[in-house]
Amino acid sequence: MNLDDAKKVIDIAESKMQKAIEHLDNELRVIRAGRANPAMLSGIMVDYYGTMTPLTQVASVGSPDARTIVVQPWEKKMIDPIEKAIMAANLGFNPQNNGESIRIMVPPLTEERRKDLVKQVKHEGENARVSIRNARRDAFEEIKKMQKNGLPEDASKDAETKIQKITDNYIKKVDEVLHKKEQEILTV
């Protein structure tokens, strides 16, 4: 066992922690903060000639102002399946179909809904923290195994210290992302 192996373990742990942050960002992007955002419709699947297809592959989705999302299908006959998919997604939107495009008016958030969204954000944040801590635990276990197989004790202690520093940085990033999202949701 040598220091390069310990470095690999640290890099793998950091990579897992980075993925946890990216996952958190993706989850938070879907949580709306009172402003119209095309990402709100990102998870919607549309029946495109018998195949479930992401909405963004059958239409362009835009936000001309802070309260409106416009879905412009690339084929006119796709307007009804898109409207049905938006209704079925149960996002609390009431799409309006004018025969050419679908307009969605994003209602302002109530105080109660804002609090629910903040709880949801905190839940997603806790999931990210758990993922980061799991990556740290896995790395620590790997370093301990390496120490049993001949990695010097001081090298294993250094590796554990580095892993803990990286973990602390990623936990801090999670807190920053959550704080920013909470402010976004609570700002009327």
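Conventions used here
Residues numbered from 1 in each chain as written. Predicted model: local features only at pLDDT ≥ 70, side-chain atom pairs only at ≥ 80, totals over all residues. Heavy atoms only, no water. Helix = DSSP H or I, 4+ residues; strand = E, 2+ residues; numbered from the N terminus. Buried < 20%, exposed > 50% of the residue type's maximum accessible area, 1.4 Å probe, protein only. Expected span 1.5 Å × (residues − 1). Salt bridge = Lys/Arg side-chain N within 4 Å of Asp/Glu carboxyl O. Phe/Tyr/Trp six-rings, centres within 6.5 Å; stacked < 30°, edge-to-face > 60°. Lys NZ or Arg CZ within 6 Å of the ring centre and 35° of its normal. Pairing = 2+ DSSP bridges. Polar contact = N/O pair within 3.5 Å; in protein donor to acceptor, adjacent residues only side chain to side chain. Contact = heavy atoms within 4.5 Å. Core = buried A, V, L, I, M, F, W, Y, C linked by side-chain atoms within 4.5 Å.

### Points about the overall build of the protein chain
1) Next: When helices and strands are tallied, the protein chain shows four helices and six strands.
2) Next: Helices (α) and strands (β) of the protein chain occur, in sequence order from the N terminus, as α-β-β-β-β-α-β-β-α-α.
3) Next: In terms of overall dimensions, the protein chain has a C-alpha envelope of 70 × 40 × 20 Å along the principal axes.
4) Next: Taking all 188 residues of the protein chain together, 37% fall into the buried category.

### Topic: helix 3 (residues 111–148)
1) Next: With 38 residues, helix 3 ought to run about 56 Å at 1.5 Å a step, and its terminal C-alpha atoms sit 56 Å apart, in line with that.
2) Next: Looking one or two residues beyond helix 3, the residue adopting positive phi is Gly150, at roughly 115°.

### A few points about the pattern of salt bridges
1) Next: In total, this model carries ten salt bridges according to the counting rule given.
2) Next: In this structure, the salt-bridge partner of Asp175 is Arg129, at a minimum N-O distance of 2.6 Å. Highlighted residues: Asp175 in helix 4 (residues 153–186) and Arg129 in helix 3, separated in sequence by 46 residues.
3) Next: With a closest N to O distance of 3.1 Å, Arg137 and Asp138 form a salt bridge.
4) Next: Arg137 gets classed as partly exposed once you look at its relative accessible area, which sits at 41%.

### Focus: the environment of Lys16
1) Next: In this fold, Lys16 is placed in helix 1 (residues 3–30).
2) Next: On the basis of relative accessibility, which here comes to 39%, the residue Lys16 falls in the partly exposed class.
3) Next: On a C-alpha basis, the gap between Lys16 and Gln164 in space is 14 Å, while along the polypeptide they are 148 residues apart.

### As for the packing of aromatic side chains
1) Next: For the coordinates displayed, the defined rule picks out one aromatic pair.
2) Next: Relative to Tyr49, the ring of Tyr48 has its centre 4.8 Å away and its plane inclined at 70°; by these criteria the two rings are edge-to-face.
3) Next: Residue Tyr49 is classed as exposed on the basis of its relative accessible area, which comes to 52%.
4) Next: Its end group placed over the ring of Tyr170, Lys173 keeps NZ or CZ at 4.5 Å from the ring centre.

### Here we look at the environment of Gly150
1) Next: Note that Gly150 resides in the loop between helix 3 and helix 4.
2) Next: For the pair Gly150 and Asn37, spaced 113 residues apart in sequence, the C-alpha separation works out to 54 Å.

### A look at the pairing of strand 1 (residues 45–48)
Look at any regular strand and the pattern is simple: side chains alternate between the two faces of the sheet.
1) Next: Pairing of strand 1 with strand 2 (residues 51–54), which is carried by four bridges, proceeds in the antiparallel orientation. Opposite Asp47, over in strand 2, you have Met52 as the bridge partner.

### Notes on the pairing of strand 3 (residues 59–65)
1) Next: Note: strand 3 against strand 4 (residues 68–73), five bridges, orientation antiparallel. Considered in strand 4, the bridge of Val61 is made with Val71.
2) Next: Adjacent in sequence and paired antiparallel, strand 3 and strand 4 are bridged by two residues.

### Examining the side chain of Ser156
1) Next: One can find Ser156 in helix 4.
2) Next: Among the polar contacts listed, one links the side chain of Ser156 to the backbone oxygen of Glu153, at a separation of 2.9 Å.
3) Next: With residues near it in sequence (within four places) discarded, Ser156 still touches Ile143, Gln147 and Leu151.

### Section: the nonpolar core
1) Next: Counting residues in each nonpolar core, the largest one holds 30 residues, and the members touching the most others are Met17, Ile132, Ile143 and Val174.
2) Next: Mapped onto this core, the elements with two or more residues apiece are helix 1, helix 3 and helix 4.
3) Next: Leaving out residues up to four positions away in the same chain, Met17 has contacts with Ile132, Ala135, Arg136, Ile166, Thr167 and Tyr170.
4) Next: Counting 19 residues, the second largest nonpolar core, distinct from the first, contains Ala36, Met40, Ile82 and Ile86.

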